[in-house]
Amino acid sequence: MNQAVKRIVKGTFVGLLFHTQEDRGMRLIEFDTRCVQQGEIHEIVTTTHHQATNGDRIDRVGFLGFAEMKCGGVIGRGDPVMIKDQVIGTVLGFDDCHFPNHYNILISTMDTLTADDLKLEVEMLIAFGIGN
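These figures come from a predicted structure and were not determined experimentally.

Asks: I tried to follow the overall build of the protein on my own but got confused; where do I start?
Replies: Helix and strand counts for the protein come out as zero helices and twelve strands. Listed N to C, the secondary structure of the protein is β-β-β-β-β-β-β-β-β-β-β-β in terms of helices and strands. Relative to its length of 132 residues, the protein is compact, with a C-alpha radius of gyration of 13 Å against a globular reference of 14 Å. Projected onto the principal axes, the alpha-carbon positions of the protein cover approximately 35 × 35 × 30 Å. Going through the 132 residues of the protein one by one, you find that 49% of them count as buried. Only carbon and sulfur atoms are counted for the fraction: they give 49% of the accessible area of the protein, which is about 6900 Å². Of the charged side chains in the protein, 12 are positive and 18 negative; the average position of the first set lies 4 Å away from that of the second.

Here it is in structure tokens:
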């Protein structure tokens, strides 16, 4: 499998969310990557779905919040996601039910995590790719 060499995309939480859902009904779009632009705001969602593929329904989710992208770049399936210098999971894919307002960036994690679980604060950093 060829991997792209790309910059780390960093963002800052601008709004936090604290709930989970067991029957959300998100769908992974067919694209493995999405380009994001500096200043865009996207929703960050955790899920315990690990082997999902394009088109699959994603029900078990936890909501972290909304993050403003500090730089443009490419976020892709499998990218590690770091918060507080710790990898919390990997990008599973994207749901576009709210697009063009924002994407839901789905992060595959061991548990459905919320902002409370990670003790997130507004202005805290998130990074997609290696490093933070």
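Asks: I would appreciate a short explanation of the nonpolar core in the present structure.
Replies: Looking at soluble globular proteins, one finds that nonpolar side chains tend to be buried together. Ranked by size, the top nonpolar core spans 25 residues in total, and within it Phe13, Ile44, Leu64, Ile75, Ile83, Leu120 and Phe128 carry the most contacts. Mapped by element, the contributors of at least two residues to this core are β1 (9-16), β7 (61-69), β9 (80-83), β10 (86-95), β11 (104-108) and β12 (125-128). Those residues within four positions of Leu120 in sequence are excluded, and the remaining contacts are Phe13, Leu16, Leu64, Ile83 and Ala115. Ranked by size, the runner-up nonpolar core spans ten residues in total, among them Ala52, Val61, Leu92 and Leu106.

Asks: Is there a simple way to explain the side chain of Thr47 in this structure?
Replies: Along the chain, Thr47 falls in strand β5 (residues 41-47). For Thr47, a relative accessible area of 0% corresponds to the buried category. Side-chain polar atoms of Thr47 contact the backbone oxygen of Arg60, separated by 2.7 Å. The residues touching Thr47, leaving out its near neighbours within four places in the chain, are Ile58, Arg60, Val61, Leu92, Leu106, Ile107, Ser108, Thr109 and Thr112.

Asks: What am I meant to see in the pairing of β12 here?
Replies: Put simply, side chains in a regular strand alternate between the two faces of the sheet. Judged from the four bridges that link them, β1 and β12 form a sheet pairing that is antiparallel. Paired with Gly11 across the bridge in β12 is Ile126. In the sheet, β9 pairs with β12 via three bridges, with the strands oriented antiparallel. Within β12, the position partnered with Val81 by the bridge is Phe128.

What counts, and where the lines are drawn
Residues numbered from 1 in each chain as written. Predicted model: local features only at pLDDT ≥ 70, side-chain atom pairs only at ≥ 80, totals over all residues. Heavy atoms only, no water. Helix = DSSP H or I, 4+ residues; strand = E, 2+ residues; numbered from the N terminus. Rg over C-alpha atoms; globule rule 2.2 N^0.38 Å. Buried < 20%, exposed > 50% of the residue type's maximum accessible area, 1.4 Å probe, protein only. Areas by Shrake-Rupley, 256 points an atom, 1.4 Å probe, with all protein chains shown as cover. Lys, Arg positive; Asp, Glu negative; His and termini not counted. Charge placed at Lys NZ, Arg CZ, Asp CG, Glu CD. Core = buried A, V, L, I, M, F, W, Y, C linked by side-chain atoms within 4.5 Å. Contact = heavy atoms within 4.5 Å. Polar contact = N/O pair within 3.5 Å; in protein donor to acceptor, adjacent residues only side chain to side chain. Pairing = 2+ DSSP bridges.

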